[in-house]
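# Report on the structure
Read off the chains here:
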Amino acid sequence: MAAATDAVVRAIEALMRGHRLAGQPRPDIRVGLIGRGIQLSRSPAMHEREAARLGLSCAYLLIDFDLLGLGDDDLGAALDAAAALGFHGVNVTHPFKQQVLPLLDALAPDAAALGAVNTVVFGARRVGHNTDCWGFAESFRAAMPGAPLGHVALFGAGGAGSAVAYALVGLGAGRIDVVDSEAARAAALVARLSAAAGATRLAVADAAAAVRDADGIVNTTPVGMAKYPGMPFPAGLLSARQWVADVIYFPAETELLRRAAALGCPTLPGIGMAIGQAARAFELFTGRAADMAAMAHHFEAAA
């Protein structure tokens, strides 16, 4: 625990003492979520209730850097503390999905290809995985059968954008136009994935051109969350012939999805991806397969 600062250790220990399982025998599974502004996350409910359904006890803690007053440079200390305190692993969310990479011992193939991690499994080595891509792909297959994938406009080139781009490649997208407020970040995503994209062509594009030519649009930026209201591009660019997906799940219907639905566009909310990534992470943490239908029920019950 020497690498973890005392303040970070004390903060996580306080979370452990405040958990509903405190005072009971050590839980079978102890995991958590590291990020900022995560108090509305439904991950604790999904993991803990699915564990209980399988006869396991699970403590899932929210290591919220905003609430705990931690700086971005405390990320390594938080990983050290969680590992030393007996966590099986942690999920990682905004803004740490890429920042965590140099702090790990190894990356699973999906995380290595994406350059983004949302799940870290502790053991002899700290291994980073990306379950977001699996979650989006499963959600898309289930809810959008037959949706055209010839040309997709992807908004956001961060951790979630990388995961969705990788999923779209696997789903057979012909072309992916990447739009990001930071052109260099969009270019980095295109360069990183192009080698593994097979027949899929990736390119950096501006919003108007990308949306105008797209069969479908995916938003992976935070625009649409309560903290960042609005749309990632002008609503007037939308067309009724397009499908529209958003990875945001709180609120369940963003302004983008509302505008798209009003036009008659097929829409895909972020709930499916959130459930899918959690199910895959649960399996990595516990070695037990999660039931997607049960996880969906846990997600809704947490509301």
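Refer to the structure presented above.
Below: a short report on this structure. (Residues numbered from 1 in each chain as written. Predicted model: local features only at pLDDT ≥ 70, side-chain atom pairs only at ≥ 80, totals over all residues. Heavy atoms only, no water.)

What follows deals with the overall build of the protein. Secondary structure summary: the protein contains twelve helices and twelve strands in total. The C-alpha radius of gyration computed for the protein amounts to 19 Å, which stays within 12% of the reference 19 Å derived for 303 residues, consistent with globular compactness. If one aligns the C-alpha atoms of the protein with their principal axes, the spans along those axes are about 55 × 35 × 35 Å. Every one of the 303 residues in the protein was classed for burial, and the buried ones make up 54%. (Helix = DSSP H or I, 4+ residues; strand = E, 2+ residues; numbered from the N terminus. Rg over C-alpha atoms; globule rule 2.2 N^0.38 Å. Buried < 20%, exposed > 50% of the residue type's maximum accessible area, 1.4 Å probe, protein only.)

As a packed pair, helix α11 (residues 271–286) and helix α12 (residues 292–301) sit with axes 10 Å apart at the nearest point and diverge in direction by 120°. By the angle between their directions, the pair α11 and α12 is classed as oblique. As α11 runs across α12, the sense of the crossing is right-handed. Note on element contacts: α12 touches α11 through Met292, Met295, Ala296, Phe299 and Glu300, opposite Ile271, Ala274, Ile275, Gly276, Ala278, Ala279 and Phe282. (Axes fitted to C-alpha atoms, helices over the stretch in contact; angles between N-to-C directions. Parallel < 35°, antiparallel > 145°, perpendicular 65-115°, else oblique. Left-handed = near helix turned anticlockwise from the far one by under 90°. Contact = heavy atoms within 4.5 Å.)

Let us look at helix α10 (residues 255–263). Inspection of α10 places Leu256, Leu257 and Ala260 among the buried residues, and these make up the whole buried set. The arc that holds every buried residue of α10, seen down its axis, measures 90°, which confines them to one face. Of the residues flanking the end of α10, it is glycine 264, one or two places downstream, whose phi is positive at about 95°. (Arc of directions from axis to C-beta.)

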